[in-house]
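Coordinates in review
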Amino acid sequence: MAVVTAVVDRALSLGTVLPRPEIAEDLVAELAGHLRRLLTAVPHAGPARAATAAAQAVAGSGPGLQSAADRARLLAVDCRWLLRHLAHEGRAVR
């Protein structure tokens with residue numbers, strides 16, 4: 001879980017200065033992978049929110065650097081939500 005949390009923190013720390021395009025795209029890909037794994041670990045989490053998160057996980061980074069940074073933040077928020085859900089249940093991510 002510490003690895004996922006570190007990636008989430010990195011994405012949420014993106015500020016007004018955008019990262020290089022390859023960093024943003026790598027971050028989106030990494031977060032999408034974590035999100036897909038988290039969704040399988042918590043299949044009964046809020047169905048509407050989980051469906052939105054699943055759609056985010058397959059959406060890609062979008063056109064342009066700003067879109068990739070925004071997508072990374074959205075994926076990070078969804079990952080954080082699922083991590084908290086798991087922690088509340090007392091379960092760990094595998």
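Source: prediction; values computed, not measured. (Residues numbered from 1 in each chain as written. Predicted model: local features only at pLDDT ≥ 70, side-chain atom pairs only at ≥ 80, totals over all residues. Heavy atoms only, no water.)

1. Some thoughts on the pattern of salt bridges
Going through the model one piece at a time under the given rule, you end up with four salt bridges. Between Glu22 and Arg20 there is a salt bridge, and its shortest N-O distance comes to 2.6 Å. For Arg20, a relative accessible area of 52% translates into the label exposed. For Arg73, the salt bridge goes to Asp70, with nearest N and O atoms at 2.8 Å. Here Asp70 and Arg73 lie together in helix 4 (residues 65-89), a separation of three residues that amounts to about one turn. (Salt bridge = Lys/Arg side-chain N within 4 Å of Asp/Glu carboxyl O. Buried < 20%, exposed > 50% of the residue type's maximum accessible area, 1.4 Å probe, protein only. Helix = DSSP H or I, 4+ residues; strand = E, 2+ residues; numbered from the N terminus.)

2. Regarding helix 4
Taking 1.5 Å as the rise per residue, helix 4 with 25 residues should run 36 Å; its terminal C-alpha atoms sit 36 Å apart, in good agreement. Listing the buried residues of helix 4 in full gives Ala68, Ala69, Arg71, Ala72, Leu75, Ala76, Asp78, Cys79, Leu82, Leu83 and Leu86. Along its buried surface, helix 4 packs onto helix 1 (2-12), helix 2 (21-41) and helix 3 (47-58). One or two positions beyond helix 4, positive phi appears at Gly90, with a value near 75°. (Expected span 1.5 Å × (residues − 1). Contact = heavy atoms within 4.5 Å.)

3. Here's the deal with the environment of Ile23
Along the polypeptide, Ile23 turns up in helix 2. Accessibility expressed as a relative area gives 36% for Ile23, which makes it partly exposed.

4. Let's talk about the packing of helix 1 against helix 2
At a minimum axis separation of 10 Å, helix 1 and helix 2 run at an interaxial angle of 135°. In this view, helix 1 runs oblique relative to helix 2, as classed from their interaxial angle. Considering the relative orientation of helix 1 and helix 2, their crossing is left-handed. Together, Val3, Val4, Val7, Val8, Arg10 and Ala11 of helix 1 and Leu27, Glu30, Leu31, His34, Arg37 and Leu38 of helix 2 make up the contact between the two elements. Tallied by class, the residues present in the contact of helix 1 with helix 2 amount to eight nonpolar, one polar and three charged. (Axes fitted to C-alpha atoms, helices over the stretch in contact; angles between N-to-C directions. Parallel < 35°, antiparallel > 145°, perpendicular 65-115°, else oblique. Left-handed = near helix turned anticlockwise from the far one by under 90°. Nonpolar A, V, L, I, M, F, W, Y, C, P; charged D, E, K, R; others polar.)

5. Some thoughts on the environment of His34
For His34, the location among the structural elements is in helix 2. Linking His34 and Ser67, residues 33 residues apart in sequence, is a C-alpha distance of 19 Å. Aside from chain neighbours lying at most four places away, what touches His34 is Val3, Val4, Val7 and Cys79.

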